[in-house]
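# Summary of the model geometry
Here's the letter readout for the chains.
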Amino acid sequence: MEKVYTTQEVADQLKIKKSTVYELIKRGELKATKVGKQIRVSQEQLDEYLKAPDTSSASKAEEPLPRIMDIPLFTADSAIRQMDYLLNASGLIISSQESRVVELLGSQLSQRPESLPILHSYMNDYNSLYSLYYEKTHMALTSFCTSREGQEIRQIESLLPGKEAAVLHICSLLAGFYIRKGNPKGLHTVKDLCRPDIRFINREKGNGYRIYMDSILSSHNIEKAGIPGYQTECLSHMSAANAVASGTADAGIGDISHLAAYPQLDFIPLSAVSMDLVFSKEVLNHRAFQSIADTVNSQEFKNSLLPFKGYEIGKTGKCTFVNG
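Calculation rules
Note on numbering: residues in each chain are counted from 1, in written sequence order. With the structure being a predicted model, the display of local features is reserved for residues of pLDDT at least 70 and the display and counting of side-chain atom pairs for 80 or more, all residues being used for whole-chain, interface and lining totals. The side-chain numbers reported here are obtained from all heavy atoms of the structure, hydrogens and water having been left aside. The convention used is that axes are lines fitted to C-alpha atoms, helices contributing only their stretch in contact, and that angles between N-to-C directions extend from 0 to 180 degrees. Here a strand is any run of E in DSSP of at least two residues, a helix any run of H or I of at least four, and the numbering for each starts at the N terminus. Throughout this description, any angle smaller than 35 degrees is read as roughly parallel, any larger than 145 degrees as roughly antiparallel, any in the 65 to 115 degree range as roughly perpendicular, and the remainder as oblique. Between two residues, a contact is recorded if the distance between any of their heavy atoms is within 4.5 Å. The cut-offs for exposure are 20% and 50% of the maximum accessible area for each residue type, with area from a 1.4 Å probe on protein chains only; residues under the lower value are buried, those over the upper are exposed, and the others partly exposed. Among buried residues, those of type Ala, Val, Leu, Ile, Met, Phe, Trp, Tyr and Cys that are joined through side-chain atoms within 4.5 Å constitute a nonpolar core. DSSP calls a pair of strands paired once it identifies at least 2 bridges connecting them. By convention, a stacked pair of Phe, Tyr or Trp rings (six-membered ring in the case of Trp) has centres within 6.5 Å and planes under 30 degrees apart, an edge-to-face pair has planes over 60 apart, and any other such pair is tilted.

Packing of helix α1 (residues 7–14) against helix α2 (residues 18–26) leaves a shortest axis separation of 8 Å and a crossing angle of 105 degrees. Comparing their axes, α2 and α1 come out roughly perpendicular. Judged by residue contacts, Thr 7, Gln 8, Val 10 and Ala 11 of α1 engage Lys 18, Val 21, Tyr 22 and Ile 25 from α2.

Here is the structure:
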């Protein structure tokens, strides 16, 4: 009978990490067979990989990636468990840039017997809803600025044309400009960003805060090219706050909760923000999604949001339907 190996045994033979074996399988370089929920590699499949013209991919995959502060880092064990998920499809994918709330939701869901594990896919608001629309993910956690009540619902609806979805409210907060303590540059309004002595740092295209900035400039007839640094992008609130705190920018847009980590900053409020969990309406009665709704409505989850500065939980758990 042909020898069959586990992924750990393959890793031991190739002298690489187990996570690298999963990466090779994911990329199609190493063929494997799924036996129930387990992955097995036959001797023939292993020999075929070893005979391939380019066998340097394993060593390349071992090379450490450059550290990027905008992307959450995972331990090796966490990375392996996430790869297990991708191969075995045993959970739900949630897309968002809001790591803290996803972590809280995941940790509390794990205590419920009918829940499924969730995997966080790091995407901005536009791409999160785009992926949900094309059924590449199960849920999208979005943050849209709301100068008028219900505006976030209309934004979500416009990005999910014809798709019936449930919008579960997580919390409300404030968006605004990070500026240096004491406001030494005398910044007060969006129009002040046009001054030549002001360096702005923006969010990337597709982020809810960038969508808001583009919209407010349009409403004030302000040209994007007239704002120094408007095309300079960062991928998180922390990066924007850090840029202002370190002096590489004079202003950046983000949410008020991150001020707690930067005592050298002040905040100019601009707009309310609604953070919402969006998923297809047709799965609402599925036990796993009922478990999510119950978790969000629980007092334990609501209380876990309170340490984040400025998070309002008065409407946490309210469900709204779009395109219905």
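Read on, since the account is not over.
Another aspect to go through is unusual backbone geometry. If you check the backbone angles, Glu 135 has positive phi at about 60 degrees while not being a glycine. With respect to the element layout, Glu 135 can be found in the loop between α7 (125–133) and β6 (139–146). The exposure class assigned to Glu 135 is exposed, which follows from its relative accessible area of 59%. The backbone of Asn 221 sits at a positive phi, close to 55 degrees, despite the residue not being glycine.

Below, the discussion takes up the environment of Met 123. Within the fold, Met 123 resides in the loop between β5 (118–122) and α7. A relative accessible area of 21% means that Met 123 is categorised as partly exposed. In this structure the C-alpha to C-alpha distance between Met 123 and Thr 142, which are 19 residues apart in sequence, comes to 9.7 Å. If sequence neighbours within four positions are ignored, Met 123 has contacts with Ser 95, Ser 96, Gln 97, Ser 128, Ser 131 and Thr 137.

Glancing now at the nonpolar core. Burial of nonpolar side chains together is a common tendency in soluble globular proteins. By size, the foremost hydrophobic cluster in this structure holds 48 residues, and its most contacted members are Ile 170, Phe 177, Leu 193, Phe 200, Leu 277 and Leu 305. Sorting elements by how many residues they give to this core places strand β7 (residues 165–180) first, with 8 residues. Residues within four places of Leu 277 in sequence aside, it is in contact with Ile 94, Leu 105, Met 139, Ala 140, Leu 141, Ala 166, Val 167, Leu 168, Ile 170 and Ile 292. Counting 14 residues, the second-largest nonpolar core is a separate cluster that includes Ala 243, Ala 245, Ile 256 and Phe 267.

Of all 16 residues making up strand β11 (residues 265–280), 12 are buried, and the element is well covered by its neighbours. Direction of pairing for β6 relative to β11: antiparallel, over a ladder of 8 bridges. Residue pairing for β11: Phe 144 is matched across the bridge by Ser 274. Taken together, the 15 bridges between β7 and β11 define a ladder with antiparallel strand orientation. Each residue of the ladder has a partner; that of Arg 180, found in β11, is Leu 265.

Here we come to the sheet that holds strand β3 (residues 38–42). On the basis of which strands lie adjacent, the open sheet formed by 3 strands has the order β1-β3-β2 and antiparallel pairing. For this open sheet the edge positions go to β1 (4–6) and β2 (33–35), each flanked by a neighbour on one side alone. Going across the sheet, the axis of each strand differs from the next one's by a mean of 45 degrees, ignoring polarity. Strand direction decides the pairing type here: β2 and β3, joined by 3 bridges, are antiparallel. Bridging across to β3, Val 35 finds its partner in Gln 38. Sitting on the sheet, helix α3 (residues 43–50) touches β1, β2 and β3, and the angle it makes with β3 is about 65 degrees.

Further remarks concern the environment of Leu 119. Mapping Leu 119 onto the fold places it in strand β5. For the pair Leu 119 and Ile 93, spaced 26 residues apart in sequence, the C-alpha separation works out to 4.8 Å.

Bringing the side chain of Thr 295 into the picture now. Tracing the backbone through its elements, the reader meets Thr 295 in helix α11 (residues 287–297). Beyond its immediate chain neighbours, meaning those up to four positions away, Thr 295 contacts Leu 105, Gln 108, Leu 109, Arg 112 and Phe 301.

Among the residues of α11, Ala 288, Phe 289, Ser 291, Ile 292, Ala 293, Thr 295 and Val 296 are the ones counted as buried. Close packing links the buried residues of α11 with β4 (92–96), α6 (99–109), β6, β7, β11 and α12 (299–305).

Glancing now at the packing of aromatic side chains. Scanning all chains against the criterion turns up 8 aromatic pairs. Here the aromatic rings of Tyr 133 and Tyr 134 are separated by 5.1 Å at their centres, their planes lie at 85 degrees, and the arrangement is edge-to-face. Judged by relative accessible area, which is 45%, Tyr 134 ranks as partly exposed. Measuring from ring centre to ring centre gives 5.8 Å for Phe 177 and Phe 200, while their planes differ by 75 degrees; the resulting arrangement is edge-to-face.

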